[in-house]
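This is what each chain is made of:
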Amino acid sequence: MSIRSLFTIAAISGCSLGLVMIDAAAQATPVAAEEITVEHGKINTADGSPVDPGHFEIEPSFSYTRATRFWDASGDSRDRGLFREQDIGLSLTVGVVENVDVNISGGYSWLKDDDNNFDEDAGIWGPSTGEGFSDMAVSGRYRFYNNEEQHLEIAYIAGVTIPVGTDSDRSDIGTSQEFWSIDQTLVASKDWGRWTVNGDIGFSLPIGDKRENARGSLNADLALGYQVLSWLQPMVELNYGGDYLSDEDDGQALAVTVGLVMPLDDVMEGLRVNVGAQQAVTGENADKATTLSAAVKFAF
């Protein structure tokens, strides 16, 4: 069995084991007398709670990513030139019918990479900067299981990524993946009193001639939060991402995210603010990146 297969199995098994351990610990935790609504939304992990029919959510966001090291094919950490990415995002979610909503998202990105690959044909280094609109994602979420007594929701998210961003060329780094992809995710949300857990696992399948060596991406996330106050939920996530390639070594990384989810309904009904920091902790053929992010959700 390859190192990559062992890494993938370990990451997904760790998420599953984490759910079991959280379940056991949370069942032993008494529920506070004061009833507090638990927020399911997290930073990088999807949730199983659709927007109510006829309601909307608008979420602008910003993230900053930086890396000066990477992991090679053996998982050893090495120096690299500065990589930096800044993203502004905008997401719109619409509740269609009971248990179903639709989401459209996109954004604008600024990129810098001082370690871009050498172009042997041209005899020059590739571009070190780029900016432009990022790709657009359109998806629908269907909550097919909702057990209010057990506080458990399970949903299926299906969507497509449309390559509307800029392509890479000899003068600029592109902001697009440059191919269409079909995206599928299974997600569950579970509460125990003030404890709340989200887990998701998804696969993105590239389609079309422009996919070149890309053969798909696997993502798995596990998030744990505790609703300390009605407006404050500290949370932690495990985030795994793997890219499958033909004729090249695959890439993968495991990261940890910590942050705060803040439903500020007392300030303005339907307002939620998320702030977080993510650190990649191990990987292969992947950057050892640090990401800071913030998002504001307006629900109405």
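Above this text is the structure in question.
## Observations regarding the overall build of the protein chain
When you go through the protein chain residue by residue, the secondary structure sums to one helix and 16 strands. Long-range contacts, defined here as pairs at least 24 residues apart, represent 60% of the contacts in the protein chain between residues at least 6 apart. Of the accessible surface of the protein chain, which amounts to about 15,800 Å², a share of 58% is contributed by carbon and sulfur atoms.

## Re the packing of aromatic side chains
Inspection of the entire model under this criterion finds six aromatic pairs. An angle of 45° between the planes, with centres 6.3 Å apart, marks the rings of Tyr 142 and Phe 144 as tilted. A relative accessible area of 44% places Tyr 142 in the partly exposed class. Consider the rings of Phe 203 and Tyr 244, whose centres lie 6.3 Å apart with planes at 45°: the pair is tilted. Separated by 41 residues along the polypeptide, Phe 203 in strand 10 (residues 195-207) and Tyr 244 in strand 12 (residues 233-245) bring together distant segments of the chain.

## What to know about the pairing of strand 14 (residues 271-284)
Each regular strand carries side chains that alternate between the two faces of the sheet. Pairing between strand 13 (residues 251-263) and strand 14: twelve bridges, direction antiparallel. Bridge pairing links Ala 253 to Gly 283 in strand 14. Relative to strand 16 (residues 290-299), strand 14 runs antiparallel, the two being bridged by nine bridges. Its bridge partner lying in strand 16, Ala 277 is registered against Leu 292.

## Observations regarding unusual backbone geometry
Located in the positive-phi region is Glu 178, a residue other than glycine, with phi close to 75°. Within the secondary structure, Glu 178 is located in the loop between strand 8 (152-162) and strand 9 (180-192). Even without being a glycine, Asp 247 presents a positive backbone phi close to 65°. Tracing the chain through its elements places Asp 247 in the loop between strand 12 and strand 13.

## As for the environment of Asp 221
Secondary-structure assignment places Asp 221 in strand 11 (residues 214-226). Of the residues examined, Asp 221 reaches a relative accessible area of 11% and is grouped as buried. Between the C-alpha atom of Asp 221 and that of Thr 45, which follows or precedes it by 176 residues, the distance is 5.7 Å. When near neighbours in sequence (up to four residues on either side) are disregarded, Asp 221 contacts Asn 44, Thr 45, Asn 198, Gly 199, Asp 200, Leu 238, Asn 239 and Tyr 240. Side-chain polar atoms of Asp 221 contact the side chain of Asn 239, separated by 2.9 Å.

## A short note on the pairing of strand 2 (residues 77-97)
Summarising the sheet, strand 1 (residues 56-71) and strand 2 pair through 15 bridges and their orientation is antiparallel. Looking across to strand 2, one finds that Trp 71 is bridged to Ser 77. Hairpin connection, strand 2 to strand 3 (residues 100-113): the antiparallel pair is bridged by two residues, and Asn 99 has positive phi, about 75°.

## A look at the nonpolar core
Core analysis: the largest hydrophobic core is formed by five residues, namely Leu 232, Met 262, Leu 264, Leu 271 and Val 273. The contacts of Leu 232, once residues within four sequence positions are left out, are Tyr 226, Gln 227, Leu 260, Val 261, Met 262 and Pro 263.

Rules used throughout
- Per chain, residue numbering runs from 1 following the sequence as it is written.
- This being a predicted model, a pLDDT of at least 70 is required before a residue's local features are given, and a value of 80 or more before pairs of side-chain atoms are given or counted; all residues contribute to the totals for chains, interfaces and linings.
- For side-chain calculations, the full set of non-hydrogen atoms in the structure is used, while hydrogens and water are omitted.
- Helix and strand assignments follow DSSP, with helices taken as H or I runs no shorter than four residues and strands as E runs no shorter than two, numbered in order from the N terminus.
- Throughout, a residue-residue contact means that at least one pair of heavy atoms, one from each residue, lies within 4.5 Å.
- The Shrake-Rupley method, run with a 1.4 Å probe, gives the accessible areas here. Residue values count only the displayed protein chains as cover.
- Stacked, edge-to-face and tilted are the three classes for Phe, Tyr and Trp ring pairs, Trp counted by its six-membered ring, which pair at centre distances within 6.5 Å; planes under 30 degrees apart are stacked, over 60 edge-to-face, the rest tilted.
- Each residue gets one of three labels from its accessible area relative to the maximum for its type: buried under 20%, exposed over 50%, partly exposed in between, using a 1.4 Å probe on protein chains only.
- When DSSP finds two or more bridges between two strands, those strands count as paired.
- Identification of polar contacts relies on pairs of N or O atoms within 3.5 Å, with a donor-acceptor requirement for protein atoms, meaning one able to donate a hydrogen and the other able to accept it, and with residues adjacent in sequence counted only if both atoms are side-chain atoms.
- As used here, the term nonpolar core means buried Ala, Val, Leu, Ile, Met, Phe, Trp, Tyr and Cys residues forming a set that is joined through side-chain atoms within 4.5 Å.

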